[in-house]
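# An overview of the molecular structure
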Amino acid sequence: MSDKIIFRDLQVRTVLGNDSWERKKEQPLLITAEIHTSIASAGKTDKVTESVHYGIACKRATSFAESNHKLHSLEAFAEGIAKACLGVTNRALAVHVIARKPRALLHAEYAGVEIFRTRKDALGSWGDDLVQESGETEYEFARRKALAEDERAAAEAEAGKLAHEDRIIVKRLSLSTIIGVNLWERHYKQLVHIDLVLHTDKSTGLSAPASDKVPRYRNFRTVVDAVTDLVEKSSYRTVEALATAIARTATKQCKVPKITVRVEKPSALVFASCSAVEITRVLGDYAAMSSAAASVAPTPPRAASPMVATTSDANDKAAKSGMHSAYIALGTNLGNRLENMHQALHRLNTDLPTSHVVESSFLYQTAPMYVTDQPAFLNAACLVKTALEPLALLDELKRIEAEMGRDFGMYRNGPRIMDLDILFYDEIDMQTDRLTIPHALLHERRFQLGPLCDIDSDLMHHRLGKTTGALFRHLTTHSDAPDDIVRVTPLRAVNASVDAGPSASESSILKALSPL
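Criteria and thresholds
- Residues numbered from 1 in each chain as written.
- Predicted model: local features only at pLDDT ≥ 70, side-chain atom pairs only at ≥ 80, totals over all residues.
- Heavy atoms only, no water.
- Helix = DSSP H or I, 4+ residues; strand = E, 2+ residues; numbered from the N terminus.
- Buried < 20%, exposed > 50% of the residue type's maximum accessible area, 1.4 Å probe, protein only.
- Contact = heavy atoms within 4.5 Å.
- Areas by Shrake-Rupley, 256 points an atom, 1.4 Å probe, with all protein chains shown as cover.
- Pairing = 2+ DSSP bridges.
- Axes fitted to C-alpha atoms, helices over the stretch in contact; angles between N-to-C directions.
- Salt bridge = Lys/Arg side-chain N within 4 Å of Asp/Glu carboxyl O.
- Phe/Tyr/Trp six-rings, centres within 6.5 Å; stacked < 30°, edge-to-face > 60°.
- Lys NZ or Arg CZ within 6 Å of the ring centre and 35° of its normal.
- UniProt positions renumbered as here; feature names shortened; annotations may be inferred.
- Expected span 1.5 Å × (residues − 1).
- Polar contact = N/O pair within 3.5 Å; in protein donor to acceptor, adjacent residues only side chain to side chain.
- Disulfide = S-S within 2.5 Å.
- Core = buried A, V, L, I, M, F, W, Y, C linked by side-chain atoms within 4.5 Å.
- Arc of directions from axis to C-beta.

## What about the overall build of the protein?
On a plain count of helices and strands, the protein comes out with 13 helices and 19 strands. A burial count over the protein gives 48% of its 516 residues as buried. When contacts within the protein are restricted to residue pairs at least 6 apart in sequence, long-range pairs at least 24 apart make up 68% of them. Accessible area of the protein: about 25,900 Å², with a carbon and sulfur share of 52%.

Okay, structure coming up:
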């Protein structure tokens, strides 16, 4: 048999990731735990020492939750709660944990995580081996060992589907959209309630990592942002089509390996609370449809920025094994800045060994940040696919800077022909005397975050627990950083010389694309 000791909706206060306004503040969390054990002995003796003391379990869960754990992710937090509950006594054989953040999202009831861990999963073993007691016969000892093994097997069997996966849950995401076939439904937006369950396969070894890193496919904020953008711009006639589109966006755009989507339409029926559709999809479900669609009509090309330096086979190259994604920041404020920028991109695409540029941002003109008595900068960012390791890539970037004429004897943060910084490299987190990834000062630099968000605003800064988009918005709304970054596009001057060199004045006018 498998019995349970349960505490439900234990409220704790802790700093875990960000709140609904993307602030790192203390917020409430609700914890539910079902601890699997056998209460047979306690039922006979009426002694709490023969069971799992739920009071101690609650205290240990609270102690962990309100400690200075410095975690960012719900997954790692739930893992810690599981260990706290299982550490109460050897009688705790497994635990089912649900942790919810009711203040995680502005338009959802909560975001949460659901996991199941056996004692062996969480703590590395079932506990001390059973020892034959004084006066206990061999038969009695063997029977006691068999009973213990049966109890462990029963606890493991209680996991169900959670034996193979963890779940990240977004409950009751409420959005307004055009949905329905009736004439009046085509004129007015109505509320839909959306539940999302992101399934993570434990066999990948990426479930609830001890490193507390949150890859894109497990970042519920990234998924919710993409789903919100889709739903609020959509005008589907059926709930089935809307649910399918949501699942497609989550799997293809956000790389969620498996998702369950439930869409409720509360205004559909007069005498029922809602009509609803629930589906479960994996990325492979859309592969055949995508192939069929591609054979009928080509995919429209993506709108390019004014300085995109890509090749027609970039995506094919990027798919090769052993290639890494490096996000590079470019900055220049000496000579012909536009020529410097194009030359640097060309060198990154052709001179870097086993590397090529996949995508680049718009151009931005920015005021100097640290040493203000110098010319304005031209900044951009690009995504490079490379087989080079981080330090080898850094050496190559320094070589390109030197070949372009950068004076390394210049004072720190002074003018330069070209400055190339590694902002991100895959999802690694490294700190050496020469290189820190993600870039150590990225969080305070609008001139790097702005271009980077053009390429990917959902990159996760694991040390800070925020995406690049959230960091950029923070500088805009929660700091005193000046709004001195302007997106520009080059326009050829009427009297410009085509042969103007780097030392000449820029042969193009940089026109602002937004009001100054």
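## Remarks on the sheet that holds strand β4 (residues 110-118)
If you walk across this open sheet you meet the eight strands as β1-β2-β3-β4-β5-β6-β7-β8, and the pairing is antiparallel. In this open sheet, the two edge strands, each paired with only one partner strand, are β1 (3-14) and β8 (275-282). The sheet shows a mean angle of 15 degrees between the axes of neighbouring strands, direction not considered. Judged from the seven bridges that link them, strand β6 (residues 190-201) and strand β7 (residues 258-265) form a sheet pairing that is antiparallel. Pairing of H199 across the sheet is with K258, part of β7.

## Quick look at the pairing of strand β2 (residues 27-37)
Burial runs high along β2: 10 of the 11 residues are buried. Bridge count between β1 and β2: 10 bridges; the pairing is antiparallel. Residue pairing for β2: F7 is matched across the bridge by A33. The pairing of β2 with strand β3 (residues 94-101) spans seven bridges and is antiparallel. If you follow L30 over to β3, its bridge partner there is R100.

## Comments concerning the pattern of salt bridges
Where side chains of opposite charge bring their charged atoms close, a pairing between them can arise. Scanning all chains against the criterion turns up 26 salt bridges. Close ionic contact of K233 with D229 constitutes a salt bridge, the shortest N to O distance being 3.1 Å. Of this pair, K233 and D229 both sit in helix α6 (residues 220-233), separated by four residues, roughly a single helical turn. In this structure, D395 engages R434 in a salt bridge whose closest nitrogen and oxygen atoms are separated by 2.6 Å. With D395 in helix α11 (residues 390-403) and R434 in the loop between β14 (430-431) and β15 (436-437), this pair connects stretches of sequence that are 39 residues apart.

## Remarks on the packing of aromatic side chains
A ring pair, where both rings are aromatic, is described by two values, the distance of the centres and the angle of the planes. Applying the stated criterion to the full structure yields two aromatic pairs. With a centroid separation of 5.9 Å and 35 degrees between ring planes, the pair formed by F64 and F77 is classed as tilted. Taken as a pair, F64 in helix α2 (residues 54-65) and F77 in helix α3 (residues 74-86) lie far apart in primary sequence, 13 residues in all. If you follow R100 out to its NZ or CZ, it ends over the ring of Y110, 5.1 Å from the centre. In this structure, R487 is placed above the aromatic ring of F362, and the distance from its NZ or CZ to the ring centre is 4.1 Å.

## Examining the UniProt feature "domain: 7,8-dihydro-6-hydroxymethylpterin-pyrophosphokinase" (unreviewed entry) in the protein
Taking the UniProt record as the reference, the feature "domain: 7,8-dihydro-6-hydroxymethylpterin-pyrophosphokinase" (unreviewed entry) is found at residues 412-423. The span residues 412-423 is 0% helical and 42% strand by assignment, and the distance between its end C-alpha atoms comes to 18 Å.

## Some remarks on unusual backbone geometry
For residues besides glycine, phi is generally negative; the peptide bonds are generally trans as well. Residue P438 follows I437 across a cis peptide bond; omega there is -5 degrees. Relative to the elements of secondary structure, P438 occurs in the loop between β15 and α12 (446-455). At K255, a residue that is not glycine, the phi angle is positive and equals roughly 65 degrees. Tracing the backbone through its elements, the reader meets K255 in the loop between α7 (239-253) and β7.

## Concerning α3
For α3, with 13 residues, the first-to-last C-alpha span of 18 Å sits near the 18 Å given by 1.5 Å per residue. Counting buried positions along α3 yields 12 of 13 residues, so the element is predominantly enclosed. Here α3 has its buried residues at L74, E75, A76, F77, A78, E79, G80, I81, A82, A84, C85 and L86.

## Description of the side chain of T251
Secondary-structure assignment places T251 in helix α7. For T251, the side chain forms a polar contact with the main-chain oxygen of R248, separated by 3.2 Å. When near neighbours in sequence (up to four residues on either side) are disregarded, T251 contacts V256, I259, R281, V282, L283 and Y286.

## Brief notes about the state of the cysteines
Within the structure shown, the criterion is met by zero disulfides. Cysteine C58 remains unbridged, with the sulfur of C85 as its closest cysteine sulfur at 7.7 Å.

## What about the environment of I179?
Note that I179 resides in the loop between β5 (165-177) and β6. For I179 and V192, which are 13 residues apart along the polypeptide, the C-alpha to C-alpha distance reads 8.7 Å. Setting aside chain neighbours within four positions, we find I179 in contact with E185, R186, Q190, V192, Y236, R237, T238, V239, L242 and K265.

## A look at the nonpolar core
Ranked by internal contacts, the top residues of the largest apolar core, which has 64 residues, are F7, F77, I194, L196, I246, V261 and V263. Here the element with the most residues in this core is α3; it accounts for eight residues. Once residues within four sequence positions are removed from consideration, V261 is found in contact with I194, D195, L196, A243, I246, A247, V277, E278 and I279. Grouped together as the second largest cluster of nonpolar side chains are 30 residues, I328, Y425, M430 and I437 included.

## Examining α11
With 14 residues, α11 extends 20 Å from end C-alpha to end C-alpha; this agrees with the ideal 20 Å at 1.5 Å per step. When we look at burial in α11, the residues that qualify are P390, L393, L394, E396, L397, I400 and E401. End-on, the buried residues of α11 take up no more than an arc of 165 degrees, which puts them together on one face. On its buried face, α11 is in contact with β9 (324-332), α10 (337-350), β12 (377-386), β13 (419-425), β14 and β15. Looking at the residues trailing α11, positive phi occurs at G405, about 105 degrees.

## Looking at the environment of L74
With respect to the helices and strands, the residue L74 is situated in helix α3. Take L74: its relative accessible area is 4%, and that puts it in the buried class. Residues L74 and A111 lie 37 residues apart in sequence; the distance between their C-alpha atoms is 8.9 Å.

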